Amino acid sequence: KVLPIALSLAQFVATVYIFLVSRKFWGMHFFLDKTVKKMFKQFFQLLGVYSVFHLYTLVDRAFTSYLPPKSISALTYGWMIAMIPKGIFKFENIVITSLSEVNASWDKVKFYTFRVLIFSLPFVVFIFIFAPYIVELLFGYGAFSTVDAELTTTAVRFYVLSLPFVFLWDIFY
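Quantities reported herein were computed from a predicted structural model and do not represent experimental measurements. (Residues numbered from 1 in each chain as written. Predicted model: local features only at pLDDT ≥ 70, side-chain atom pairs only at ≥ 80, totals over all residues. Heavy atoms only, no water.)

A. The side chain of T153, seen in detail. With respect to the helices and strands, the residue T153 is situated in helix α7 (residues 146-160). For T153, a relative accessible area of 9% corresponds to the buried category. What T153 contacts, discounting residues up to four positions off in sequence, is A131, P132 and V135. (Helix = DSSP H or I, 4+ residues; strand = E, 2+ residues; numbered from the N terminus. Buried < 20%, exposed > 50% of the residue type's maximum accessible area, 1.4 Å probe, protein only. Contact = heavy atoms within 4.5 Å.)

B. Looking closely at the packing of aromatic side chains. All chains considered together, the criterion is met by 15 aromatic pairs. Aromatic pair F89 and F119: ring centres 4.8 Å apart, planes at 85°, arrangement edge-to-face. Of the two residues, F89 is situated in helix α4 (residues 84-89) and F119 in helix α6 (residues 106-139); the sequence distance between them amounts to 30 residues. Classification of F89 as partly exposed rests on a relative accessible area of 31%. For F119, a relative accessible area of 28% corresponds to the partly exposed category. Each member of the aromatic cluster is reached from another via a ring pair, and the members are F89, F91, F119, F123 and F167. Lying across the ring of F111, K108 places its NZ or CZ 5.3 Å from the centre. Taking NZ or CZ as reference, R157 lies 5.4 Å from the ring centre of F128, over its face. (Phe/Tyr/Trp six-rings, centres within 6.5 Å; stacked < 30°, edge-to-face > 60°. Lys NZ or Arg CZ within 6 Å of the ring centre and 35° of its normal.)

C. Up close: the environment of V116. Take V116: it is sitting in helix α6. In this structure, the C-alpha to C-alpha distance between V116 and M80, residues 36 residues apart in sequence, is 20 Å. The residues touching V116, leaving out its near neighbours within four places in the chain, are F91, P164, F167, L168 and I171.

D. Inspection of the packing of helix α3 (residues 71-82) against α7 at higher detail. In contact at an axis separation of 7 Å, α3 and α7 are set at 45° when each is read in the N-to-C sense. As far as their axial angle goes, α7 and α3 are oblique. Our pair here, α3 against α7, has a crossing hand that is right-handed. Contacts between α3 and α7 involve S71, A74, L75, Y77, G78, W79, I81 and A82 on the former and, on the latter, L151, T152, A155, V156, Y159 and V160. (Axes fitted to C-alpha atoms, helices over the stretch in contact; angles between N-to-C directions. Parallel < 35°, antiparallel > 145°, perpendicular 65-115°, else oblique. Left-handed = near helix turned anticlockwise from the far one by under 90°.)

E. Broad picture of a nonpolar patch on the surface. A surface patch of nonpolar side chains, about 850 Å² in accessible area, is lined by L9, F12, V13, V16, F19, L20, F25 and W26. You can see V16 is positioned in helix α1 (residues 2-21). Judged by its relative accessible area of 33%, V16 falls in the partly exposed class. (Patch = residues over 30% accessible without salt bridge, like charges linked within 9 Å, V, L, I, M, F, W, Y side chains within 5 Å. Areas by Shrake-Rupley, 256 points an atom, 1.4 Å probe, with all protein chains shown as cover. Salt bridge = Lys/Arg side-chain N within 4 Å of Asp/Glu carboxyl O.)

F. Spatial organisation of α1. Along its 20 residues, α1 runs 28 Å from first to last C-alpha, staying within 8% of the 28 Å computed at 1.5 Å per residue. The element α1 is largely exposed, with a buried count of zero among its 20 residues. (Expected span 1.5 Å × (residues − 1).)

G. Fine view of the packing of α6 against helix α8 (residues 163-172). Running from N to C, α6 and α8 point in directions that differ by 155°, and their axes come no closer than 8 Å. Taken together, the axes of α6 and α8 lie roughly antiparallel to each other. In this structure, the crossing between α6 and α8 has a hand that is right-handed. Residues V109, Y112, T113, V116, L117, S120, L121, F123 and V124 of α6 lie in contact with α8, whose contacting residues are L163, P164, F167, L168, I171 and F172. Looking at side-chain class alone, the contact of α6 with α8 contains 13 nonpolar, two polar and no charged residues. (Nonpolar A, V, L, I, M, F, W, Y, C, P; charged D, E, K, R; others polar.)

Here it is as structure tokens:
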């Protein structure tokens, strides 16, 4: 009991000490020039990009809280199966050099967008059609019941429809 109290007290004392010692450097001067405007513009662009992940997490948690038992594991396994091609090919590692060298010119982005769509659509069709067999092959043993397989197959089919967009997200990101 003494160690956590001592650690918390030490952190509090250190924070107060830093606060007192550095108070003369706290002057905050705000000015708006071309560089600051450019930084604000980039900040709001990145805020939109990064907030997608947080919105996804919020929607995902809100949605899954209304699901019956076994659905959450079906969603997790369904996502894992649908994202197998993304995990294997890692397009973000392939295209990063090319996009960085040309400052992500729109022509290069269109080039990769078209190629990724053509590349990912066969995976979507294949996984969508053969989802029951893939789920049975990967999970059809042990305590994985028929209901679990059906729920996971449904989740795979819905998640795999987003596969082209998941590939494209890495290019746009």
